[in-house]
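An overview of the molecular structure
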Amino acid sequence: MIGDIRETKECQLKDPMDLFHSGQVVKICAPMVRYSKLAFRTLVRKYSCDLCYTPMIVAADFVRSAKARDSEFTTNKGDHPLIVQFAAKEAQVLCDAARIICPFADGIDLNCGCPQRWAISEGYGACLINKPELVKDMVRHVRSQIDNPKFSVSIKIRIHEDLKRTVDLCQKAEAAGVSWITVHGRSIEERHQPVHYDAIKIIKQSMSIPIVANGDIKTLKDAENVHHLTEADGIMVARGLLANPAMFAGYEETPFQCIQDWVDIALEHGTPFTCFHHHLMYMMERITSKQEKKVFNVLSSTSAVLDYLNDHYGV
């Protein structure tokens, strides 16, 4: 990985904060386990996505193992601005991971929002919203140890039942030098309940750094509505982009050109079949009949998928 990209790094890195100072709402692809990898980031960037995150990477494994680094992180010269999201619970481990990644990415994000049981039991993810001093310490450490002032340090959080605690966490992170904060507007316990956009607005009004809104945004219209409701500086989308990678470009459903682009990009990147196929299943969810899904979803090779797309859609 590192050998492949070292030559192109110098002129490609960008300052993500420039996006937040542009006067436009920043359109962001969320960190998604298995899905927000290089090939998919390449696709959404073609369709008006401003900023992309990697899937969450466990910082301790990343620091300890070259094998983990090679399998968890790939990039190229067009993959910017790029934020690498880490799961961490110790300031120095996060710093070491940030130092390794710094030449190849534009910033890191500390995951303080993952509600999965394994993450919380390991001391990662959403349990960190209950440890504001630790979050503050981790942000401050990275800030003091990374020389590049343009390298961003952000956090992604969920909210507390008592919103005062969330505002306190955010203000502590801001004082430590965090670049921006992404707020998923649900508590740790909430999964499919409505998103508390009013809470995101209160957090936004309590801070002087950019705030990004996240949760249940499926169309460009949703993104505009959430911006209006929260006054957030950016909108982060996960499942909505999986279903329609062209969403930020204003398409109501995945256009066939986008499917063609995915096929070209995935083949060029050598994307494993399961990932290649799963993305297509998401993209075609709204544009195929039940009967077509039954056939398409059980295809078991790249060539079978390519034949199907060619026969049915001319892709």
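Below, the structure is looked at part by part. Here the residue numbering is sequential within each chain, running from 1 through the sequence in written order. Under the rules for a predicted model, residues below a pLDDT of 70 receive no local features and side-chain atom pairs below 80 are neither given nor counted, while totals for whole chains, interfaces and linings still include all residues. Derived side-chain values reflect all non-hydrogen atoms in the structure, with water molecules and hydrogen atoms excluded from consideration.

**Examining empty space enclosed by the protein**
Each cavity reported here is a set of points on a 1 Å grid over the protein atoms alone in which a 1.4 Å probe fits but cannot get out, each pocket an open set with protein on both sides within 12 Å along at least five of seven lines, and each lining residue one with an atom within 4 Å of a point. Grid points are joined across faces, edges and corners, and a volume is the space filled by probe spheres set on the points. Under the defined criterion, the tally for this structure stands at two cavities of 30 Å³ or more. Computed from the structure, the second largest cavity encloses a volume of approximately 40 Å³. Contributing to the lining of the second largest cavity are M281, M284, E285, T288, E292, K293, F296 and N297. Taken together, the elements giving at least two residues each to the lining of the second largest cavity come down to α15 (273–284) and α16 (290–296). Helix and strand assignments follow DSSP, with helices taken as H or I runs no shorter than four residues and strands as E runs no shorter than two, numbered in order from the N terminus. At three residues, the largest contribution of residues to the lining of the second largest cavity is made by α16. When residues are grouped by polarity, Ala, Val, Leu, Ile, Met, Phe, Trp, Tyr, Cys and Pro land in nonpolar, Asp, Glu, Lys and Arg in charged, and all others, Gly among them, in polar. Split into classes, the residues belonging to the lining of the second largest cavity amount to three nonpolar, two polar and three charged.

**Quick notes on the layout of surface pockets**
Roughly 1,200 Å³ of internal volume is contained in the largest pocket. Around the largest pocket, the lining comprises 39 residues; the ones closest to its centre are P31, M32, Q116, A238 and R239. Considering every element that reaches the lining of the largest pocket, the biggest residue donor is helix α13 (residues 239–243), with three residues. When its residues are assigned to classes, the lining of the largest pocket shows 19 nonpolar, nine polar and eleven charged. Considered as a void within the structure, the second largest pocket measures approximately 380 Å³ in volume. As for the second largest pocket, its lining consists of 22 residues, and the residues nearest its centre are R34, K37, T271, P272 and C275. The set of elements that each furnish at least two residues to the lining of the second largest pocket consists of α4 (38–46), α6 (66–72), α14 (256–269) and α15.

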